[in-house]
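# Structural characterization, general
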Amino acid sequence: MLKVVVLISGGGSNLRALLQATEDPGYPARVIAIGADRDADGLGLAEEFGIPSFTVPFTNFATREEWAAELVRQIRVWQPDLVVLSGFMRLLPPSAVEALTPNLINTHPAYLPEFPGAHAVRDAFAAGVTETGASIIVVDNGVDSGPIIAQQRVPVLPGDTETTLHERIKVVERTLLVQTVRDIADGALALETLT
Ligand code: GRF
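Let me sum up the structure you'll find in this document. It should be emphasised that the depicted structure is a prediction, and the values quoted were computed from it without experimental measurement. Position numbers for residues count from 1 along each chain, tracking the sequence in the order it is written. It should be noted that, the model being predicted, local features are given only for residues of pLDDT at least 70 and side-chain atom pairs only at 80 or more, the latter also being counted only at that level, while totals for whole chains, interfaces and linings use all residues. Values reported for side chains reflect all heavy atoms of the structure, with hydrogen atoms and water molecules removed beforehand.

## Side note on the packing of aromatic side chains
Each aromatic pair joins two rings of Phe, Tyr and Trp (for Trp, the six-membered one) with centres within 6.5 Å, and gets the label stacked for planes under 30 degrees apart, edge-to-face for over 60, and tilted for any other angle. By the definition in use, this model includes two aromatic pairs. Judged by centre distance (5.0 Å) and plane angle (75°), the ring pair of Phe58 and Trp67 falls under edge-to-face. The burial state of Phe58 is the same as that of Trp67; both residues are buried. Judged by centre distance (6.1 Å) and plane angle (10°), the rings of Trp67 and Phe88 are stacked. Here Trp67, found in helix α3 (residues 64-77), pairs with Phe88, found in the loop between β4 (82-85) and α4 (94-100); they are 21 residues apart in sequence, far enough to count as distant. Each residue gets one of three labels from its accessible area relative to the maximum for its type: buried under 20%, exposed over 50%, partly exposed in between, using a 1.4 Å probe on protein chains only. Only DSSP runs of H or I covering at least 4 residues are called helices, and only runs of E covering at least 2 are called strands; the numbering of each starts at the N terminus.

## Some words on the pairing of strand β6 (residues 131-138)
For a regular strand, side-chain orientation follows a simple rule: the groups alternate between the two sheet faces. Burial within β6 is extensive, with seven of its eight residues counted as buried. Paired strands are those between which DSSP finds at least two bridges. As paired elements, strand β5 (residues 104-108) and β6 share four bridges and run antiparallel to each other. Residue pairing for β6: Ile105 is matched across the bridge by Val138. When β6 meets strand β7 (residues 148-155), the two strands line up antiparallel, connected through seven bridges. The residue of β7 that forms the bridge with Glu131 is Pro155.

## Section: the nonpolar core
Among the buried residues, those of types Ala, Val, Leu, Ile, Met, Phe, Trp, Tyr and Cys that are joined through side-chain atoms within 4.5 Å form a nonpolar core. Counting 39 residues, the largest nonpolar core has Ile34, Leu82 and Val181 as its most contacted members. Elements represented by at least two residues in this core include exactly β1 (2-8), α1 (13-22), β2 (29-36), α2 (44-49), β4, β6, β7 and α6 (162-186). If you tally residues by element for this core, the top one is α6, at eight residues. Other than its neighbours up to four places away in sequence, Leu82 contacts Leu2, Lys3, Val4, Val5, Asn103, Leu104, Ile105, Val181, Ile184 and Leu191. The contact criterion used is simple: two residues touch if any of their non-hydrogen atoms lie within 4.5 Å.

## Structural notes on the packing of helix α5 (residues 120-127) against α6
Helix-helix packing is characterised by the crossing angle of the two axes and by the distance between the axes. Think of each axis as a best-fit line through the C-alpha atoms, taken over the contacting stretch in the case of a helix, with angles from 0 to 180 degrees between the N-to-C directions. At a closest axis distance of 10 Å, the pairing of α5 and α6 adopts a crossing angle of 120°. For the element pair α5 / α6, the angle class is oblique. The element α5 and its partner α6 pack so that their crossing is right-handed. Touching Val121, Arg122 and Phe125 of α5 are Glu162, Leu165, His166 and Ile169, all from α6. Just so you know the grouping, Ala, Val, Leu, Ile, Met, Phe, Trp, Tyr, Cys and Pro go in nonpolar, Asp, Glu, Lys and Arg go in charged, and all remaining residues, Gly too, go in polar. Broken down by class, the residue content of the contact of α5 with α6 amounts to four nonpolar, one polar and two charged. By the definition adopted for this analysis, an angle is roughly parallel if under 35 degrees, roughly antiparallel if over 145, roughly perpendicular if from 65 to 115, and oblique otherwise. The sense of a crossing depends on the near helix, which, turned anticlockwise from the far helix by less than a right angle, makes the crossing left-handed and, turned clockwise, makes it right-handed.

## A closer look at the site of the ligand
Nearness is defined per residue: one heavy atom within 4 Å of the molecule or strand is enough. Around the ligand, a shell composed of 13 residues is seen, among which Gly12, Ser13, His166, Lys170 and Glu173 lie nearest. In protein, a polar contact requires one atom able to donate a hydrogen and another able to accept it; more generally it is a pair of N or O atoms within 3.5 Å, and residues adjacent in sequence count only if both atoms are side-chain atoms. Asn14 places a polar main-chain atom, nitrogen or oxygen, 3.0 Å from an oxygen atom of the ligand. Within the contact set of the ligand, an oxygen atom lies 2.9 Å away from a side-chain nitrogen or oxygen of Lys170. Out of a free accessible area of 360 Å², the ligand has 89% covered by protein chains. When residues of the shell around the ligand are traced back to their parent elements, those giving at least two are α1, β5 and α6. The dominant element in the shell around the ligand, judged by the number of residues it contributes, is α6, at three residues. Of the residues that constitute the shell around the ligand, the class distribution is two nonpolar, nine polar and two charged. A 1.4 Å probe and the Shrake-Rupley method give the accessible areas. Residues count as covered only by the protein chains that appear here.

## Considerations on the packing of α1 against α6
Running from N to C, α1 and α6 point in directions that differ by 40°, and their axes come no closer than 9 Å. Overall, the two elements α1 and α6 adopt an arrangement that is oblique. The two elements α1 and α6 meet at a crossing, and its hand is right-handed. In this structure, α1 uses Ser13, Asn14, Ala17, Leu18 and Ala21 to contact α6, whose residues at the interface are Lys170, Glu173, Arg174, Leu177, Val178 and Val181. A per-class count over the contact of α1 with α6 returns six nonpolar, two polar and three charged.

## Here we look at the sheet that holds β6
Pairing within the open sheet is mixed, and its seven strands lie in the order β3-β2-β1-β4-β5-β6-β7. Single-partner strands in this sheet number two, and they are β3 (53-55) and β7. Neighbour-to-neighbour, the strand axes of this sheet turn through a mean angle of 20°, independent of strand direction.

Next up, the structure:
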């Protein structure tokens, strides 16, 4: 059974999808803890699903490195096989990436390498593209530049707003995330071969 820690910053709708998948006894992974860099709304899922959670507020630390060191320390308490960044809006410094990779993946609401960074949906929408996408990557020291594990195109429809587009992308992100975690748990995907 793959032990997974998921880090969030927001509402956690993608995390919810993973949690729902883990309720299937046949799904080969379990979320053992949920972490956040702030008092994220998605932490309510920890209570709802009866899962421990921890918060390491970015604003409590003088430097990114000190914050990340505490974040990694708290993650290591759970001894996870995999750490998933799902709507986690902080850039991890190299010290943290090195401590966790390659068992560190991220969901991104664009068809990387298109539109990396914190405003992928806004940027795609502003660029007027007719399609964008969703991607799952291994986290490296760049900004959404790590090896691509899975990705799928998502159309931009007439009348879309940034919000309707993002919601359509998230539906695909959730599917990719649930399948990717399954593949890692089953051994169908060996992360160490990607980096
Ligand atoms: C997701 O699209 C994620 O890729 C991006 O922010 C969104 C988070 O959504 N970084 P949620 O918190 O899972 O609802």
